[in-house]
Amino acid sequence: VVSTSTRNFPNRLGQGANVYLASAELAAVASILGRLPTADEYRDYMKDVDSTAADTYRYLNFDELPEFVERADSVEISSEMKEAAHRLQCGGN
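It should be emphasised that the depicted structure is a prediction, and the values quoted were computed from it without experimental measurement.

Parameters at a glance
Residues numbered from 1 in each chain as written. Predicted model: local features only at pLDDT ≥ 70, side-chain atom pairs only at ≥ 80, totals over all residues. Heavy atoms only, no water. Helix = DSSP H or I, 4+ residues; strand = E, 2+ residues; numbered from the N terminus. Expected span 1.5 Å × (residues − 1). Bend = angle between axes of the 7 residues up to and from the residue. Salt bridge = Lys/Arg side-chain N within 4 Å of Asp/Glu carboxyl O. Buried < 20%, exposed > 50% of the residue type's maximum accessible area, 1.4 Å probe, protein only.

Considerations on helix 2 (residues 39–51)
Helix length check: helix 2, at 13 residues, gives a terminal C-alpha distance of 18 Å against a target of 18 Å (1.5 Å per residue), a fit within 8%. When the local axis directions of helix 2 are compared, the greatest deviation, roughly 25°, occurs at Tyr45.

The following block contains the structure:
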């Protein structure tokens, strides 16, 4: 099983399943091939992704998108939420 999950522990994805944690890109290539790719196969597929990387990954840098920054500046956070965030940062105290 190829998974993009950030957590892995025995039998999480089925009794006796062999789980391989992967990036979204590796999982996509594995789904196309129906198996884990060789390093060369992976690199060949990634050439296509690399050619569109600026557009493909721009949303991962959402804090650099003008629309996000503009909206984020106007978000109002309630005092209750600020207190809850502070408690989490302080370890629940």
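From this point, the narrative continues.
A look at the pattern of salt bridges
When their charged atoms lie close together, side chains carrying opposite charge are able to pair. Summed over the entire model, instances satisfying the criterion amount to 3 salt bridges. Salt-bridge contacts for Arg43 lead to Asp40; the nearest nitrogen and oxygen are separated by 2.7 Å. Pair noted here: Arg43 and Asp40 are both in helix 2, with a separation of 3 residues, about one helical turn. A salt bridge links Asp44 to Lys47, with the shortest nitrogen-to-oxygen separation between them at 3.5 Å. Here Asp44 pairs with Lys47, and both are found in helix 2, just 3 residues apart, close to one helical turn. Among the residues examined, Asp44 registers a relative accessible area of 45% and is labelled partly exposed.

Nothing here speaks to function; it is geometry throughout.
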